[in-house]
Amino acid sequence: MDAFEYNANPASVVFGSGTIAKLPEVLSKLKLSRPLLLSTPHQKQQAEDVKQLLQGKVAGLFSEATMHTPVDVTERALEFAKSTGADSVVSIGGGSTIGLGKAISIRTGLHHVAIPTTYAGSEVTPILGETADGLKQTRSDPAILPGTVIYDINLTLTLPVALTATSGVNAIAHAVEALYAQNSNPIINMFAEKGVKALASALPQLIKNPTSQSARSSALYGAWLCGVCLGNVGMSLHHKLCHTLGGSFNLPHAETHTIVLPHALAYNAPKVPGAMNALAEALPESNGDAVAGLNVLLTKLKVERGLKGLGMKESDIDKAADIAVSKPYWNPRDVERAAIRELIRRAWAGEEAR
Ligand code: NAD
């Protein structure tokens, strides 16, 4: 076996069905009694339910979490946290709400309990992307990692079917890029393979039956494993492209990941035979071809396949290609302008990846 380095990210993780009921005990063990609850406006009721579970013993509820963690929202939440004497933050939601929890926690040192309700994986990463003046900047710091994660399958039962599919593929993307990361290692490869397997089997079931407990459980477990991949090793072409497309053209996060993934994988395929074999093993009906396996999965999930369907203009393809190649980063295959432009064009048009 080749030499490798593996750094475990410390966090306490509770997983199961109805596990939200353990929140009072989790806080009490940490000697915390005035949590600030965070949610989006859409998930305010879930946060209200948590407030009730804590018998109203909270510093307050801030329900204005927004996609891409705008700094002005964080500043308002910080003021509120200070004025209410919060001693911790509890975020209930997807990557947007957990991002706000991270932004508050890194600025104040407050303990962060993350309660994820999507499959984005932010809860187990030391990464934070924040937006100011229309520019999204990402940083990584061990102090950003939430200290406690409570995975409760029941909270994912309300995740709309379309977001279930795209958020699940967003998670798979973390595992895909981990398998060919420059600093990949056998431990993370195990997480990646198991994560893809769990999601690829659960997601098609959830399209038919969104409240299946066993499929929701398998999907959330897979999302956790894939999130660990994102938090541990470097991402490359796929994540850079999605960051560019999301940030520059305001395209939705999970949907963009879903469209770009087969194209990024096909681009890197000639340089990563080991990762392609591992993925083909993990994806059902791949017949030994990981890109084909991914295409089968996306067809079953009935997801949008073209960036034009998300509102991206054809005239933006060149701009996207320019931005994507403007800052050098590590990728298993050289990032060449003409080939990247063609990749983006195919993804824009919704053509099959090859
Ligand atoms: P999201 O958090 O923006 O949620 C999308 C919508 O779905 C919101 O309205 C939300 O309230 C709603 N929702 C979430 N869970 C629900 C549920 N169970 N039931 C009903 N509605 C629910 O979406 P996301 O894809 O999880 O997160 C995207 C954001 O997270 C982006 O800003 C992205 O950059 C960031 N992100 C960060 C990391 C990281 O490691 N830093 C990782 C992944 C994503």
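As the structure is a prediction and not an experimental result, all values here were calculated from the model. (Residues numbered from 1 in each chain as written. Predicted model: local features only at pLDDT ≥ 70, side-chain atom pairs only at ≥ 80, totals over all residues.)

How should I be thinking about the nonpolar core in this particular structure?
Most often, soluble globular proteins keep nonpolar side chains buried together rather than apart. Judged by nonpolar contacts, the single largest core of 107 residues is most densely connected at Leu-199, Ala-219, Cys-229 and Leu-279. Residues in contact with Leu-279, not counting those within four places in the same chain, are Val-176, Leu-179, Val-196, Ala-290 and Gly-293. (Core = buried A, V, L, I, M, F, W, Y, C linked by C-beta atoms within 7 Å. Buried ≥ 20, exposed ≤ 12 C-beta atoms within 10 Å, placed from the backbone. Contact = placed C-beta atoms within 7 Å.)

Just checking my understanding: could you explain the site of the ligand for this structure?
Taken together, 29 residues sit near the ligand, with Gly-94, Gly-95, Ser-96, Thr-117 and Thr-118 positioned nearest. Broken down by secondary-structure element, the contributors of at least two residues to the shell around the ligand are α4 (95-108), β6 (127-132), α5 (161-179) and α9 (253-268). Looking at the shell around the ligand, the element that brings in the most residues is α4, giving four residues. Residue classes in the shell around the ligand are distributed as nine nonpolar, 20 polar and no charged. If you count residues domain by domain, the shell around the ligand takes at least three from each of domain 1 (12-156) and domain 2 (161-349). (Near = placed C-beta within 6 Å. Helix = DSSP H or I, 4+ residues; strand = E, 2+ residues; numbered from the N terminus. Nonpolar A, V, L, I, M, F, W, Y, C, P; charged D, E, K, R; others polar. Domains from an automatic or database assignment.)

How should I be thinking about the UniProt feature "domain: Alcohol dehydrogenase iron-type/glycerol dehydrogenase GldA" (unreviewed entry) in the chain in this particular structure?
According to UniProt, the positions carrying the feature "domain: Alcohol dehydrogenase iron-type/glycerol dehydrogenase GldA" (unreviewed entry) are residues 10-152. What you have in residues 10-152 is 31% helix and 29% strand, and the ends, taken at the C-alpha atoms, are 20 Å apart. (UniProt positions renumbered as here; feature names shortened; annotations may be inferred.)

Even after reading the chapter, I still don't get the sheet that holds strand β3 (residues 60-62), so can you show me in this structure?
Paired through their backbone hydrogen bonds, the strands of a sheet run either parallel or antiparallel. Taken in spatial order, the six strands of this open sheet run β1-β8-β5-β4-β2-β3, and their pairing is parallel. Each edge of the open sheet is held by one strand with a lone partner, namely β1 (12-16) and β3. Geometrically, the sheet is characterised by an average inter-axis angle of 15° between neighbouring strands, direction not taken into account. Those strands touched by helix α2 (residues 44-53) are β2 (35-38), β3 and β4 (88-93), and its axis lies near 135° from that of β4. (Pairing = 2+ DSSP bridges. Axes fitted to C-alpha atoms, helices over the stretch in contact; angles between N-to-C directions.)

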